[in-house]
Amino acid sequence: TDFYGVAALLSVSPYYNKPSQAGIIAHYTAVADASPAPVVLYNIPGRTMSNMTAATTLALSHHPNIIGMKEASGNLEQCMQIAAAMPKDFLLLSGDDLL
């Protein structure tokens, strides 16, 4: 597959099987390790039926091929926890329609 010109991949958190937080970390680590383009995490619990916690996001934020997150949980406390502790070059994007 040709990824020329692709700035990043937006990858949704696993759905259907409702993975544990460790499962979410394993999933995104495998995606980021295999991806030829940087990865943006997408937490949308309303669609996936599982929430990626702030601790999980922060653990993944240190992977060299994960550059940010589209956060659509609608949980402002969770967003603030991520914003307070994330690396300086990590992108935190609002994905919630109301926010």
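Computed from a predicted model, the values in this text were never measured in an experiment.

Caption draft 1: Quick look at the overall build of the chain. Secondary structure assignment for the chain yields four helices and four strands. Along the chain, helices and strands appear, N-terminal first, in the series β-α-β-α-α-β-α-β. Taken against the 2.2 N^0.38 rule, which gives 13 Å for 99 residues, the C-alpha radius of gyration of the chain at 13 Å falls within 12% of a compact globule. Once the C-alpha set of the chain is aligned to its principal axes, its extents read approximately 35 × 30 × 25 Å. Classification of the 99 residues of the chain by burial places 38% in the buried group. Entry remark: accessible area of the chain is about 5800 Å², with carbon and sulfur atoms responsible for 59%. When the 4 basic and 7 acidic side-chain charges of the chain are each reduced to a single mean position, those positions are 5 Å apart.

Caption draft 2: Seen up close, the confidence of the model for the chain. Mean pLDDT over the chain: 94, with 97% of residues reaching 70 or higher. Taken element by element, the chain is modelled with least confidence in helix α2 (residues 45-48), mean pLDDT 92, and with most confidence in helix α3 (residues 54-60), mean pLDDT 98.

Caption draft 3: Representation of the pairing of strand β3 (residues 66-71) in the model. Pairing of strand β2 (residues 39-43) with β3 involves five bridges; the strand directions are parallel. Bridging across to β3, V39 finds its partner in I66. Pairing analysis gives four bridges linking β3 to strand β4 (residues 91-94), with the strands arranged parallel. When the bridges of β4 are listed, E71 appears paired with S94. You can see the chain leave β3, run along helix α4 (residues 76-85) and come back into β4, and the turn it takes is right-handed.

Caption draft 4: Spatial organisation of the nonpolar core. Judged by nonpolar contacts, the single largest core of 13 residues is most densely connected at Y28, L41, M52, L60, I66 and M69. Contributions of two or more residues to this core are made by α1 (21-34), β2, α3 and β3. Beyond its immediate chain neighbours, meaning those up to four positions away, L41 contacts L10, S11, Y28, M52, T57, L60, I66, G68, M69, K70 and F90.

Caption draft 5: Focus on the sheet that holds β4. An order of β1-β2-β3-β4 is seen for the four strands of this open sheet, with the pairing classed as parallel. The sheet terminates laterally at β1 (9-12) and β4, the two strands that pair on one side only. Across the sheet, the mean angle from the axis of one strand to that of its neighbour is 25 degrees, orientation sign disregarded. Helix-sheet contacts for α1 involve β1, β2 and β3, and the interaxial angle to β1 is about 155 degrees. On top of the sheet, α4 reaches β2, β3 and β4; it is set at about 160 degrees to β3, its chief contact.

About the cut-offs
Residues numbered from 1 in each chain as written. Predicted model: local features only at pLDDT ≥ 70, side-chain atom pairs only at ≥ 80, totals over all residues. Heavy atoms only, no water. Helix = DSSP H or I, 4+ residues; strand = E, 2+ residues; numbered from the N terminus. Rg over C-alpha atoms; globule rule 2.2 N^0.38 Å. Buried < 20%, exposed > 50% of the residue type's maximum accessible area, 1.4 Å probe, protein only. Areas by Shrake-Rupley, 256 points an atom, 1.4 Å probe, with all protein chains shown as cover. Lys, Arg positive; Asp, Glu negative; His and termini not counted. Charge placed at Lys NZ, Arg CZ, Asp CG, Glu CD. pLDDT = per-residue confidence, 0-100. Pairing = 2+ DSSP bridges. Right-handed = clockwise from strand over helix to strand, strands pointing away. Core = buried A, V, L, I, M, F, W, Y, C linked by side-chain atoms within 4.5 Å. Contact = heavy atoms within 4.5 Å. Axes fitted to C-alpha atoms, helices over the stretch in contact; angles between N-to-C directions.

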